[in-house]
Amino acid sequence: MTTWIKDNCVSFFQLFCIKVVKTGRVPQHIAFIMDGNRRYAKKNSFECTVGHYKGFDKLSECLKWCLDLGIPEVTVYAFSIENFKRSKKEVDALTELAREKFQRLLDEIDQINEWGVRLNVAGRLCLFPHDLQVLISKVMLATKHNNKLQLNIAYAYTGRDEISRAASHIVDGLKRKEISPDDVNEHLMSQALDLGEPDLLVRTSGEVRLSDFMLWQISNTVLYFTDVLWPEFSIWNLLAAIIHFQRHSPPIIEEKENSPVIEKFLRKLEDTKWQQLEKIVAC
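The present account deals with the structure reproduced in this document. Bear in mind the structure is a predicted one, so any value in this text is a computation, not a measurement.

### Details of a nonpolar patch on the surface
Next up, step 1: On the surface, Phe13, Phe16, Val20 and Trp236 cluster together into a nonpolar patch covering about 430 Å² of accessible area.
Next up, step 2: Element by element, the count of residues in the nonpolar patch is highest for helix 1 (residues 12-21), at three residues.
Next up, step 3: Counting through the fold element by element, Phe13 comes out in helix 1.

Shown next as structure tokens:
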């Protein structure tokens, strides 16, 4: 079975090239639209599900590359709400893949904690079977204190749904008088979302659409599109994307400080999330 983070997956020369690239500005948050698993399977005369397994193998390699590069946050688009419209066979296979991989992560939790990886799953978990919700909740709770690399997995996710849920949180805060109408602005909205703003977004397989991914967050993001299919994505493709980022990256914007009222509201949102996960595990 494939581990979540592959060790020793770069050569000495590749490690040297990583160190060279690190002399320039490296994105602090990189997002991937991992596209091309099904086309990879078709290209190689595999079953569709084999393509998805190969895609996970590539993710485990990519996470190690990101650790080597010192990238502290990675977001991947794993499963859209729209993907539920695919054939039952494929949806069932993807759900089973998720069960297997999240269970594997729990089995490797000591190694994951040693790497310092924190897992955050963004999306509507309620759309998945309860046993998968429990596995995901256990993983998030078990890694919540890690701080070397945060892996965000967008699962049962769309950007529009994320925005609507953030707006609902803010409306609830207004109704409970935890915040005032004067507190509501784009900065608050950004912080109420599941996912933060990436510095670099990479989409594979030649597609140049966003496919309803992180629509709010990418106003200042460098976009990089490559023709390579996700299971064939290599360290060279990643380094090319980062060099593209270094050539086109905008100036660093200083983060605004929140008022005590906003900080208290955001802490409550975070606490509520963990309480919901604990409730799922307890059921």
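### Details of the packing of aromatic side chains
Next up, step 1: Summed over all chains, the structure comprises 14 aromatic pairs.
Next up, step 2: Note on Phe102 and Tyr155: the rings are 6.4 Å apart at their centroids and 90° apart in plane angle, and the pair reads as edge-to-face. With Phe102 in helix 4 (residues 88-107) and Tyr155 in strand 4 (residues 149-157), this residue pair connects regions lying 53 residues apart in the sequence.
Next up, step 3: Judged by its relative accessible area of 3%, Phe102 falls in the buried class.
Next up, step 4: Using a relative accessible area of 8% as the deciding quantity, one classes Tyr155 as buried.

### Concerning the pattern of salt bridges
Close approach of charged atoms allows side chains with opposite charge to pair.
Next up, step 1: In the structure shown here, the tally under the stated rule is 24 salt bridges.
Next up, step 2: Lys89 is paired through a salt bridge with Glu47; the nearest N and O atoms lie 4.0 Å apart. Residue Lys89 is found in helix 4, and its partner Glu47 is found in the loop between helix 2 (37-43) and helix 3 (48-69); the two are separated by 42 residues along the sequence. Comparing Lys89 with Glu47 shows no difference in burial state: the two are exposed.
Next up, step 3: Of the charged contacts, one joins Glu207 and Arg209 as a salt bridge, the two residues approaching to 3.5 Å between their closest N and O atoms.
Next up, step 4: Owing to a relative accessible area of 23%, Glu207 belongs among the partly exposed residues under this scheme.
Next up, step 5: Note on Arg209: relative accessible area 45%, which makes it partly exposed.
Next up, step 6: Overlapping salt bridges bring together Asp35, Arg39, Arg203, Glu207 and Arg209 as one network.

### Re helix 9 (residues 235-248)
Next up, step 1: A rise of 1.5 Å per residue sets the reference length of helix 9, with its 14 residues, at 20 Å; its end C-alpha atoms lie 20 Å apart and thus fit the reference within 8%.
Next up, step 2: For helix 9, the complete set of buried residues consists of Ile235, Asn237, Leu238, Leu239, Ala241, Ile242 and Phe245.

### Overview of the state of the cysteines
Next up, step 1: Counted under the stated rule, the structure contains zero disulfides.
Next up, step 2: We note that Cys66 lacks a disulfide partner, and the nearest cysteine sulfur, in Cys62, lies 4.4 Å from it.

Cut-offs used in this document
- Residues numbered from 1 in each chain as written.
- Predicted model: local features only at pLDDT ≥ 70, side-chain atom pairs only at ≥ 80, totals over all residues.
- Heavy atoms only, no water.
- Patch = residues over 30% accessible without salt bridge, like charges linked within 9 Å, V, L, I, M, F, W, Y side chains within 5 Å.
- Areas by Shrake-Rupley, 256 points an atom, 1.4 Å probe, with all protein chains shown as cover.
- Salt bridge = Lys/Arg side-chain N within 4 Å of Asp/Glu carboxyl O.
- Helix = DSSP H or I, 4+ residues; strand = E, 2+ residues; numbered from the N terminus.
- Phe/Tyr/Trp six-rings, centres within 6.5 Å; stacked < 30°, edge-to-face > 60°.
- Buried < 20%, exposed > 50% of the residue type's maximum accessible area, 1.4 Å probe, protein only.
- Expected span 1.5 Å × (residues − 1).
- Disulfide = S-S within 2.5 Å.

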